[in-house]
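Understanding the architecture of this molecule
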Amino acid sequence: MTAPLPSSGSIANSAPMSILAYCASSILMTVTNKMVLSHFDFHMNFLLLSVQTTVAIVLLKVFKNAGLISFRRVDRTEAKKWFPISLTLVAMVYTGSKSLQYLSIPLYTIFKNLTIILIAYGEVLWFGSKVTPMMLLSFAFMVLSSVIAGWSDLKSFAPTDGILFNIGYFWMGLNCFSSAGYVLYMRKRIKHFNFKDFDTVYYNNILSLPVMLVLSLFLEGWTSGEFERTFSEDVRQALVVAMVLSGVSSFLISYGSAWCVRCTSSTTYSMVGALNKLPVAASGILFLGDPATAGNIFGILFGFIAGLLYSYSKTAQAQANLALANGSALSKPLLPETTASSNAGAEALELTTPASLPSKSSAPPLYIPNPDGKVAD
């Protein structure tokens, strides 16, 4: 008897394919954004983000009409409550684009790891999370990787008569704080919404687009000739193509993120994010000519180790919490049949809830790119 042919949904439910799609889209997004911001001497960052957002909204609509995805319509009450989250997202993606504009991709990737320390510290303050020795070791590797890469960068590019401060480090610092604030704030508020993956993507894009357009019109020199200089005739066609491609890549990474989490788990997704630091950093060296200095290489290596240690520690912590919850549920004595029905219902809920905890965390994974997949990785 012949084996049945694979179903049409086999690829859609394939964990390896989802991981590969996430990695490829992450590299594509970083390289295209770096190319637009640096190769074309592009300074209208809010305009670039507006194009990315517009492309993402158009693709969402197209795929929804084709029956491939679904998401809810914008509700005015929900939009008002979600709008502050979208504002923190705007701050995150803008500072990420500015830092990527001035820093090489390897440096950007290395310093992005510092965001994890801020998120972990915020989780301790806001959610009572515990910091394990393995986490502390991973934090040490993150700081060490940043110090090595930053010191190598200063030695390579500083003038002989003094140190030239790279404004990219300022934007990188703001990006780390805004990224941590976005993740923590969304985690704190997400329980009030019943959003699915593409609901979040759609709301983030549709609410942030007007903000980005207004900021671009008022802050990016549309009336002072900056638009004409940026889109000069000799680069106009290539620049528009690159901007649209960056918009497509931002949508692909948002779709790849949702696909990977659905087919694997938040833990696997976090591990893939840690492993993906190497190819993302290497893409800048291979495709855009970023310097392959000893500091960059060792910084990437230590950052890679830090990501693995942190992902392992979070995995072990999640498994320990689940085992503790299940153990507490099993040790709970059952109520006798004569107990009042209301108390029995409450006790039954207490008994069954830990055992039925989902395997995927409802909190946003700490290693993922932005839920909307824009500039910042």
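Report on the accompanying structure. (Residues numbered from 1 in each chain as written. Predicted model: local features only at pLDDT ≥ 70, side-chain atom pairs only at ≥ 80, totals over all residues. Heavy atoms only, no water.)

Per the secondary structure count, the protein includes 14 helices and 0 strands. Starting at the N terminus and walking to the C terminus, you meet the elements of the protein as α-α-α-α-α-α-α-α-α-α-α-α-α-α. Of all 377 residues assigned to the protein, the portion counted as buried reaches 46%. In the protein, once contacts between residues fewer than 6 apart in sequence are set aside, the share between residues at least 24 apart is 88%. Here the protein displays about 19000 Å² of accessible surface, and carbon together with sulfur accounts for 68% of that area. (Helix = DSSP H or I, 4+ residues; strand = E, 2+ residues; numbered from the N terminus. Buried < 20%, exposed > 50% of the residue type's maximum accessible area, 1.4 Å probe, protein only. Contact = heavy atoms within 4.5 Å. Areas by Shrake-Rupley, 256 points an atom, 1.4 Å probe, with all protein chains shown as cover.)

What follows covers the packing of aromatic side chains. Enumeration over the complete set of coordinates arrives at 11 aromatic pairs. Ring plane angle 85° and centroid distance 6.2 Å describe the contact between phenylalanine 42 and phenylalanine 231, whose orientation is recorded as edge-to-face. Of the two residues, phenylalanine 42 is situated in the loop between α1 (15-39) and α2 (45-65) and phenylalanine 231 in the loop between α9 (226-230) and α10 (236-263); the sequence distance between them amounts to 189 residues. No difference in accessibility class separates phenylalanine 42 from phenylalanine 231, as the two residues are buried. Through pairs of rings, three or more aromatic residues link up here, namely Phe42, Trp222, Phe227 and Phe231. (Phe/Tyr/Trp six-rings, centres within 6.5 Å; stacked < 30°, edge-to-face > 60°.)

Turning our attention to the packing of α2 against helix α3 (residues 76-102). Axis separation between α2 and α3 bottoms out at 10 Å; the angle between their running directions is 120°. Taken together, α2 and α3 sit at an angle that is classed as oblique. Of the two elements, α2 crosses α3, and the hand of that crossing is right-handed. Together, Asn45, Phe46 and Leu49 of α2 and Val90, Val93, Tyr94, Ser97, Lys98 and Gln101 of α3 make up the contact between the two elements. Counted by class, the contact of α2 with α3 contains 5 nonpolar, 3 polar and 1 charged residues. (Axes fitted to C-alpha atoms, helices over the stretch in contact; angles between N-to-C directions. Parallel < 35°, antiparallel > 145°, perpendicular 65-115°, else oblique. Left-handed = near helix turned anticlockwise from the far one by under 90°. Nonpolar A, V, L, I, M, F, W, Y, C, P; charged D, E, K, R; others polar.)

Turning our attention to the pattern of salt bridges. The final tally for this structure, using the stated rule, is 4 salt bridges. The partner of arginine 72 in a salt bridge is glutamate 78, and the shortest N-O contact between them spans 2.9 Å. Judged by its relative accessible area of 21%, glutamate 78 is partly exposed. For arginine 72, the salt bridge is made with aspartate 199, and the minimal N-O distance between the two is 3.5 Å. With a gap of 127 residues between them, arginine 72 in the loop between α2 and α3 and aspartate 199 in helix α8 (residues 197-219) connect regions that are remote in the sequence. Looking at aspartate 199, the relative accessible area reads 5%, which means it is buried. (Salt bridge = Lys/Arg side-chain N within 4 Å of Asp/Glu carboxyl O.)

It is worth spelling out the packing of α1 against α3 at this point. Packed helix pairs are characterised by how far apart their axes lie and by the angle those axes make with each other. The contact between α1 and α3 brings their axes to 9 Å, and the two run at 70°. With respect to α3, the element α1 is oriented roughly perpendicular. Of the residues in α3, those touching α1 at Thr30, Asn33, Lys34, Leu37 and Ser38 are Ser97, Leu100 and Gln101. Of the residues in the contact of α1 with α3, the class split is 2 nonpolar, 5 polar and 1 charged.

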